[in-house]
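What follows is the residue order along each chain.
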Amino acid sequence: MKNSMKIKLSLISLILLFVFVPINTLANGDAIIFLAAENVTGMWDPSMHTIDAQEKVGKFICDPLVAVDRDNNLVPALATSWKSIDDYTIELKLREGVKFHNGKVMTANDVKATMEYISRSDAATGSYYPEPLVCEVIDDYTVRIGTRNTKAASLLHTFPAVSDIVPTEFVENPALWRDQWIGTGPWVFQKYENEVMYFKANPDYWAGAPKVSEFIWKYVGDPDSRLAALLTGEAHIIDRVETEQVPLIEASADAEVYRILMNEIIWMHFRNNQQPFKDNAALRKAFAYGIDREGILEHILQGGGAIPGGFFSVKQFGYLGESPYNFTYDPERAKELLVEAGYPNGAGLPEFEWIIPVGNYPKTVEYGEYITQTLGEIGINVKLTPTETAAWNDMLYNHDAGNIILCGWNMSAPEPDTTLQMLFHSVGLMNAINEKEIDEVLETESNIVDINEREKYLHEEVNRVLLDRMPSVPLVNSEMITGVSKKLKGWELTYAKLSLHEAYLED
């Protein structure tokens, strides 16, 4: 073990020498350097993307109306208090004296403009909400946010993920986002070049200025390069650490490992606009029963994650333990479903192209190969197409790219409706699902105002319908394994966000 570790470290040193471009030569001495596994778009309009990395970056620049703490409780952010006016409307009292990075004071007018903009029907973020929101300004620091047709059962628990407030003028003139990204958050965006984003501390932040002057974010797609940078001091924090890299970090005198179960489920999304997936739930379920999720978690991910409880993350509202309708690895049941689907032993099925990202989620190639093996044993032939992360991001929403695509979905809020509506209500964002039965059950759950009743309906009925129709296969509930320099103090990571507001570097 020690010899293999030395060999690995030597290889990592070579990777750093030839691949990794040092960042700290560009930074001040107290700059915090973070290496990310996923790229950003370079276009900063928050309504025009659903990329996890860019949403995480947005939490450095902007503040939401409501946040969540480590125990999943709602806590004040830009809104200091809230109350229900009726089944369709929530009233929020806003924090006074908050300034945007351009010096403008935030008011209810900015909240109204932002929330109506990001929830509009033609926005990428529109599907996070059940319908376009309607906002009413009561006074400078009081706003009412609501819906017209769907009861506002999910609004409050969606705000932590999708309510980053921006100035009204950016909503009125989206061209401003070409060169700027302005919010009320602790970090002020400076520039973006060569996959690197530069930020400076916001001295006027309402919760107090950050403790260091500069923060640098860099996309590094290769996990070994990220690890090399951490172990040699080029970076202070890296995400998406591979499980076999954990002992290397633990053996280091200068770095440590932090692990947390995320809200993210990794999905196998069928392109349900295509035959033979379209209107053929039996075929989709045959895939599900042909996948050994327990084996993937134990042997490939080495325990780094969990098996989803049906269609819910263990962190989401509506997760009440194992769903009675969940599936397990059962090749014989998979073969029966192939017969039901009209393809006994796979006869008549084409070879399916499965697009998977490389370098972002851990072990995608390894468990992708294992899944293609077990599916092949029941007569389903799948060809893997490993794809660099930026190119994969470009193909995610193209329903004609490949026959299947792998993608995780992580929301910085406990509300499951943000995921359910976007992924599975017609037309599904990546899987192109368009089925009346799914739409009906999702529309019903989003109108149940009583918390206990809604949670029970989500656990029982929503799980039952989605597991029966299987528009996508929930593979694994992700664990985020983060590598951190022991010099970095005061940082905090929850499934909702990485906070560097109180972080500092110790000599």
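You'll find the structure just up there.
The text that follows walks through the structure, step by step, so that each part is easy to find. All of these numbers come straight from a predicted model, not from anything done at the bench.

### So, the environment of Ser 499
Part 1 of the argument: You can see Ser 499 is positioned in strand E20 (residues 498–499).
Part 2 of the argument: Considered as a pair, Ser 499 and Pro 186 are 313 residues apart in the sequence and their alpha carbons are 9.5 Å apart.
Part 3 of the argument: Filtering out sequence-adjacent residues up to four positions away, Ser 499 remains in contact with Trp 491 and Glu 492.

### Observations concerning the nonpolar core
Part 1 of the argument: In terms of nonpolar packing, the biggest core is built from 139 residues, with Leu 65, Met 115, Ile 145, Phe 159, Trp 217, Met 268 and Phe 287 touching the most fellow members.
Part 2 of the argument: Among the elements that make up this core, the one with the highest residue count is strand E12 (residues 255–270) (7 residues).
Part 3 of the argument: Beyond its immediate stretch of four places on either side in the chain, Leu 65 contacts Ala 77, Leu 78, Ala 79, Leu 92, Leu 94, Val 111, Met 115, Ile 145, Phe 159, Ser 163 and Ile 165.
Part 4 of the argument: In terms of nonpolar packing, the next biggest core, distinct from the first, is built from 19 residues, Leu 35, Tyr 198, Val 220 and Val 241 among them.

### Brief notes about the pattern of salt bridges
Part 1 of the argument: Scanning the entire structure with this criterion turns up 26 salt bridges.
Part 2 of the argument: Residue Lys 104 pairs with Glu 169 through a salt bridge whose shortest N-O separation is 3.1 Å. Highlighted residues: Lys 104 in the loop between strand E5 (89–94) and helix H3 (108–118) and Glu 169 in helix H5 (residues 168–172), separated in sequence by 65 residues.
Part 3 of the argument: Residue classification places Glu 169 among the partly exposed residues on the basis of a relative accessible area of 27%.
Part 4 of the argument: Note that Lys 363 and Glu 366 form a salt bridge whose closest N and O atoms lie 3.8 Å from each other.

### Focus on the packing of aromatic side chains
Part 1 of the argument: Following the criterion strictly, the structure yields 22 aromatic pairs and no others.
Part 2 of the argument: Measuring from ring centre to ring centre gives 5.3 Å for Trp 44 and Tyr 192, while their planes differ by 85°; the resulting arrangement is edge-to-face. One end of the pair, Trp 44, is in the loop between strand E1 (32–36) and helix H2 (52–61); the other, Tyr 192, is in strand E8 (residues 187–193), with 148 residues separating them in the sequence.
Part 3 of the argument: Each member of the aromatic cluster is reached from another via a ring pair, and the members are Trp 44, Phe 60, Trp 181, Trp 187, Phe 189, Tyr 192, Phe 199 and Phe 215.
Part 4 of the argument: Between Arg 120 and the ring centre of Tyr 117, over which it is positioned, the NZ or CZ distance is 4.1 Å.
Part 5 of the argument: Geometry around Phe 327 places Arg 293 over its ring, the cationic atom sitting 3.9 Å from the centre.

### Some thoughts on the environment of Arg 271
Part 1 of the argument: Position of Arg 271 relative to the elements: it lies in the loop between E12 and helix H8 (281–289).
Part 2 of the argument: In the structure, Arg 271 is positioned 52 residues away from Ser 323 in sequence and 25 Å away in space, judged by C-alpha atoms.
Part 3 of the argument: Setting aside chain neighbours within four positions, we find Arg 271 in contact with Phe 277, Met 395, Leu 396, Asn 398, His 399, Ala 401, Gly 402, Asn 403, Ile 404, Ile 405, Met 430 and Asn 431.
Part 4 of the argument: A polar contact is formed between the side chain of Arg 271 and the backbone oxygen of Leu 396, at a distance of 2.9 Å.
Part 5 of the argument: For Arg 271, the side chain forms a polar contact with the main-chain oxygen of Ala 401, separated by 3.0 Å.

### Topic: helix H10 (residues 331–341)
Part 1 of the argument: The complete set of buried residues in H10 reads Ala 334, Leu 337, Leu 338 and Ala 341. Buried residues of H10, viewed axially, fall in a sector of 105°; they line one side. Opposite the buried face of H10, by more than 90 degrees, sit the exposed residues Val 339 and Glu 340.
Part 2 of the argument: On its buried side, H10 packs onto H8.
Part 3 of the argument: One or two positions beyond H10, positive phi appears at Gly 342, with a value near 100°.

### Some words on the sheet that holds strand E7 (residues 142–146)
Part 1 of the argument: Pairing is antiparallel in the open sheet, where 4 strands are placed in the order E4-E5-E7-E6. Across the chains shown, the open sheet's two edge strands, defined by having one partner strand only, are strand E4 (79–86) and strand E6 (134–139). When the angles between neighbouring strand axes are averaged without regard to direction, this sheet yields 20°.
Part 2 of the argument: In terms of strand pairing, E4 meets E5 through 6 bridges, oriented antiparallel. Of the residues in E5, the one forming a bridge with Ser 84 is Ile 90.
Part 3 of the argument: Contacts from H3 reach E5, E6 and E7 within the one sheet, and its direction differs from that of E6 by about 180°.

Definitions and limits used
- Residues numbered from 1 in each chain as written.
- Predicted model: local features only at pLDDT ≥ 70, side-chain atom pairs only at ≥ 80, totals over all residues.
- Heavy atoms only, no water.
- Helix = DSSP H or I, 4+ residues; strand = E, 2+ residues; numbered from the N terminus.
- Contact = heavy atoms within 4.5 Å.
- Core = buried A, V, L, I, M, F, W, Y, C linked by side-chain atoms within 4.5 Å.
- Buried < 20%, exposed > 50% of the residue type's maximum accessible area, 1.4 Å probe, protein only.
- Salt bridge = Lys/Arg side-chain N within 4 Å of Asp/Glu carboxyl O.
- Phe/Tyr/Trp six-rings, centres within 6.5 Å; stacked < 30°, edge-to-face > 60°.
- Lys NZ or Arg CZ within 6 Å of the ring centre and 35° of its normal.
- Polar contact = N/O pair within 3.5 Å; in protein donor to acceptor, adjacent residues only side chain to side chain.
- Arc of directions from axis to C-beta.
- Pairing = 2+ DSSP bridges.
- Axes fitted to C-alpha atoms, helices over the stretch in contact; angles between N-to-C directions.

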